[in-house]
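Structural description and commentary
So the chains spell out like this:
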Amino acid sequence: MSSPPRPTRDAQGLTHGPTWLPVPRTHAEHLVKRGWRERRTLSELLRAQVRSRPEHLALVAGDVRLTYADLDLHAERCADVLRTHGVQPGDRVLLCVGNRAEHVVAFYAAVRAGAVPVLVLPTLGDADVRAVAVAAEVSAAVVVERQGRRDLRDLAVSLRALPHVRAVLRPQDLDVRSTPRATPPTGSGRDDADAEDLALLTLSGGTTGTPKLIPRTHADYGYNALASARACGVGPDAVYLAVLPAAHNFTMVSPGIVGVLSSGGTVVLSPDPSPTTAFALVERERVTLTSLVPALVPAWLDEARRTPADLGSLRILQVGGARLDDATARRVGPELGCTLQQVFGMAEGLNCYTDPAGSPDVVCTTQGRPVSPGDEVLVVDEQDRPVPDGTPGELLTRGPYTITGYYGARELDTVRFTADGFYRTGDVVTRSPDGDLTVVGRVKDQVNRAGEKIAAGEVEELLLARPDVRGAAVVGAPDPHLGERSVAFLVVDGPGPTREDLRRDLTGRGVTAIAVPDEVRVVAGLPLTGVGKVDKQRLRAWAQA
Ligand code: OOB
């Protein structure tokens, strides 16, 4: 393969030349022919619904309730606000808004103006947000002033000082609380974009270093959203509750906000992920679908036992973003009275789902199958040689909505993608003969104990099977004798097990003695990343302390 063109930087540090590589035209046409690529822009997908059901409820957030016609009008007005601030087609616009109506309005407004929203979680640190703004060379930003206890006003000031930034707006500057009905909505406007254009930049889910920018096009993101909506049975009667951060890919496109709004359903944004807030919204809005990370599931199951709220409308609970242990998975159906759907996805593309009508065994022990027949998956050993079904190996993937390179990071691309364009996920999986994938860990998430490699994920699964263990994470800590020793952080009911208890329990279950954690630390809770995945970086630091 010849090396792709490289961007260059001028004296002010601005880049010129390609920062991302579109799929070659001929391949894009092949994908369109197979039905694996959307031909309309994200904005056109929304407009089609505005035309079909203008008075249907599209978005609920706090006291804001917008019909499709309202949403269309607000997006149009907000696109004008962005244009007034100098935003032009192709410009990047950073959105750090949180679970507010303005996140959705500004997203569609930016897209409508032909600009490229850069989706940032309000929990991302100031330095990382600035690094993202610089890497994407954003020309404008919408930044919330406060998120929980966090004050983001200094961040907004520092973004304004960047040479390429022309405007930093607050959500209230977009004024979605008033109802503009001056011009009747038609859903007939035109966009400054083509389906094969860059639609948005989303951030990688990694917990190390500055997040990488992921370029997604209208064609691939729209297809991702609609294929996912089909897999989840989402149509106009769907009411989706966004509990996780709205800017995360799970909440945006699996099928999430974009999938539901492109299918004529209703999106409800929860201001926080607590089950009390969420259950009240489920009852009030007759929510049919919601999505969680595994760390939230035990608290939801506990609250379901005592809540007075009627959860009868809830049809599917999606769980993904990290491995859901089998024991908790089996509790979801009986205790919440809805169907569990496991979702294994990544901002880089690939989305896998379990079949809502599938056998409970498969639904509770696997993370599903790729949503598109165009998705290719390989499970390989260290030499990239395919391993037999059932054998753990790294998952490589290529497909109609999976990127083949990051944004403006050509060096990284050579490491994270194979020469023929497969993305190296870093996830260790097994594949069943039926094609169901089970995630068993991360390539590097292991403890190297005196040369024996212990897969952290496997030990965590064993620990979580104990009735007194509610949360478990295993990391390595430097050890003068072993090189690394394994430390298990446990969230427990009651006094919790000692190391000796675990040794007896695990070896009694036939587990090799090496897998028994060398040290057990009981903690009140596991540290989580912005979206709610266990933060192993922090745990490694704790383990060393
Ligand atoms: C989602 O996206 P990201 O980009 O924040 O993180 C992707 C990584 C995957 O490579 C994998 O390591 C992990 O998160 N992951 C899972 C998982 N789902 C994601 N690991 C085990 N079991 C699962 N079910 O996290 C994301 C994007 C779209 C939909 C759902 C999740």
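Please read these numbers as outputs of a predicted model, since none were measured by experiment.

**Notes on the packing of aromatic side chains**
Applying the stated criterion across every chain yields a total of six aromatic pairs. With 5.5 Å between their ring centres and 40° between their planes, Phe 417 and Tyr 423 make a pair best called tilted. Judged by relative accessible area, Tyr 423 falls into the buried class, the value being 3%. Arranged with centres 6.0 Å apart and planes meeting at 70°, the rings of Phe 489 and Trp 542 form a pair that is edge-to-face.

**Considering the site of the ligand**
The environment of the ligand is made up of 18 residues, and the closest members are His 248, Val 343, Ala 347, Asp 427 and Lys 533. Here a nitrogen atom of the ligand sits 3.5 Å away from a polar atom, N or O, in the main chain of Arg 323. Residue Lys 533 places a side-chain N or O atom 2.7 Å away from an oxygen atom belonging to the ligand. Within the complex, the protein chains bury 93% of what would otherwise be the 590 Å² of accessible surface of the ligand. Of all the secondary-structure elements, those providing two or more residues to the shell around the ligand are strand 17 (339–346) and strand 23 (437–442). Here the element with the most residues in the shell around the ligand is strand 17; it accounts for four residues.

**Topic: unusual backbone geometry**
Residues apart from glycine generally show negative phi values, whereas peptide bonds are mostly found in trans. Cis geometry marks the peptide bond from Ser 254 to Pro 255, where omega comes out at -15°. Its location among the elements puts Pro 255 in the loop between helix 8 (249–253) and helix 9 (256–261). Its identity is not glycine, yet Asp 384 carries a phi of approximately 65°, on the positive side. Of note, Asp 384 is situated in the loop between strand 20 (376–380) and strand 21 (393–398). In this model, Ala 450 sits at a positive phi of 50°, which is unusual for a non-glycine residue. With respect to the helices and strands, the residue Ala 450 is situated in the loop between strand 24 (446–449) and strand 25 (452–455).

**Thoughts on the UniProt feature "domain: AMP-binding enzyme C-terminal" (unreviewed entry) in the protein chain**
Mapped onto this numbering, the UniProt entry annotates "domain: AMP-binding enzyme C-terminal" (unreviewed entry) at residues 458–533. Summarising residues 458–533: 22% helix, 33% strand, and an end-to-end C-alpha distance of 17 Å.

**Side note on the sheet that holds strand 3 (residues 57–61)**
The strand order across the open sheet built from nine strands is 4-3-14-13-15-16-17-18-19, with neighbouring strands paired in mixed fashion. At either margin of the open sheet sits one strand with a lone partner, and together these are strand 4 (64–67) and strand 19 (369–370). Where strand 13 (residues 239–242) lies against strand 14 (residues 266–269), four bridges are found, and the strand directions are parallel. Within the sheet, the bridge partner assigned to Tyr 240 lies in strand 14 and is Val 267. With respect to the sheet, helix 3 (residues 68–84) is in contact with strand 3 and strand 4, its orientation differing from that of strand 4 by roughly 100°. Here helix 4 (residues 101–112) sits on the sheet in contact with strand 3, strand 4 and strand 14, set at roughly 135° to strand 3.

Calculation notes
- Residues numbered from 1 in each chain as written.
- Predicted model: local features only at pLDDT ≥ 70, side-chain atom pairs only at ≥ 80, totals over all residues.
- Heavy atoms only, no water.
- Phe/Tyr/Trp six-rings, centres within 6.5 Å; stacked < 30°, edge-to-face > 60°.
- Buried < 20%, exposed > 50% of the residue type's maximum accessible area, 1.4 Å probe, protein only.
- Near = heavy atom within 4 Å.
- Polar contact = N/O pair within 3.5 Å; in protein donor to acceptor, adjacent residues only side chain to side chain.
- Areas by Shrake-Rupley, 256 points an atom, 1.4 Å probe, with all protein chains shown as cover.
- Helix = DSSP H or I, 4+ residues; strand = E, 2+ residues; numbered from the N terminus.
- UniProt positions renumbered as here; feature names shortened; annotations may be inferred.
- Pairing = 2+ DSSP bridges.
- Contact = heavy atoms within 4.5 Å.
- Axes fitted to C-alpha atoms, helices over the stretch in contact; angles between N-to-C directions.

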